[in-house]
Amino acid sequence: MTGEWGGPHLGLVVTADGADLEYDCASGSITGAIRPDGSGRFSVPGRHYPGQGGPIGGGVREVHTARYEGAVRGTKMTITVTLTDINEVLGTFTLVQGASPHVLKCL
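Below is a summary of the structure that appears in this document. What you see is a predicted model; the values in this text were computed from it and never measured. (Residues numbered from 1 in each chain as written. Predicted model: local features only at pLDDT ≥ 70, side-chain atom pairs only at ≥ 80, totals over all residues. Heavy atoms only, no water.)

A word on the pattern of salt bridges
Turning to step 1, where the next piece is worked out: Taken as a whole and judged by the stated rule, the model has 1 salt bridge.
Turning to step 2, where the next piece is worked out: One salt bridge connects lysine 105 with glutamate 22, and the closest N-O pair in it is separated by 2.3 Å. With lysine 105 in the segment after strand E8 (88-97) and glutamate 22 in strand E3 (residues 18-23), the pair connects residues that are 83 residues apart, well separated along the chain. (Salt bridge = Lys/Arg side-chain N within 4 Å of Asp/Glu carboxyl O. Helix = DSSP H or I, 4+ residues; strand = E, 2+ residues; numbered from the N terminus.)

Digging into unusual backbone geometry
Turning to step 1, where the next piece is worked out: Despite not being glycine, cysteine 25 has its phi angle at roughly 60°, a positive value.
Turning to step 2, where the next piece is worked out: Of note, cysteine 25 is situated in the loop between E3 and strand E4 (26-30).
Turning to step 3, where the next piece is worked out: Exposure remark for cysteine 25: the relative accessible area of 28% places this residue in the partly exposed category.
Turning to step 4, where the next piece is worked out: Phi is positive for asparagine 87, close to 50°, though the residue is something other than glycine.
Turning to step 5, where the next piece is worked out: Judged by relative accessible area, asparagine 87 falls into the exposed class, the value being 70%. (Buried < 20%, exposed > 50% of the residue type's maximum accessible area, 1.4 Å probe, protein only.)

Some details on the pairing of E4
Turning to step 1, where the next piece is worked out: Among the 5 residues in E4, 5 count as buried, and that is most of the element.
Turning to step 2, where the next piece is worked out: Side chains Ala26, Gly28 and Ile30 of E4 all project onto a buried face; the interleaved residues Ser27 and Ser29 project onto the opposite face, where all are buried too.
Turning to step 3, where the next piece is worked out: Inspection of the sheet shows E3 paired to E4 by 5 bridges, in the antiparallel sense. Looking at the pairing, tyrosine 23 lines up with alanine 26 of E4.
Turning to step 4, where the next piece is worked out: Hairpin connection of E3 to E4: 2 residues between the antiparallel strands, including cysteine 25 at a positive phi of 60°.
Turning to step 5, where the next piece is worked out: With 5 bridges joining them, E4 and strand E5 (residues 41-50) adopt antiparallel strand pairing. Bridge pairing in E5 places serine 27 opposite tyrosine 49. (Pairing = 2+ DSSP bridges.)

Regarding the sheet that holds strand E1 (residues 3-7)
Turning to step 1, where the next piece is worked out: Ordered by their spatial adjacency, 8 strands build a closed barrel running E1-E2-E3-E4-E5-E6-E7-E8, and the pairing between neighbours is antiparallel. Along the sheet, successive strands turn relative to each other by an average axial angle of 30°, direction set aside. (Axes fitted to C-alpha atoms, helices over the stretch in contact; angles between N-to-C directions.)

Structure follows, in structure tokens:
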């Protein structure tokens, strides 16, 4: 599981202790190890940080609690991101292990 996973609109770098996510105009973190069960499914907590265009001021960065759920099948991963504090599903993403992400940055 460890290493880089990439796909449209999301890049994921998995370590033994969690992961960092980079979306189009946002970022996130998974705060525990991703350990798929026998069928390849996982569900882990984390945080989501909405991005903003332009220079970043000295204000407080917005943060949401998140749930990252999905499945790993060989070198492919699907992952659904839900902001649990506002009960909003951001979407489902398909990633490939070792692939570069296709992420658009905010301007």
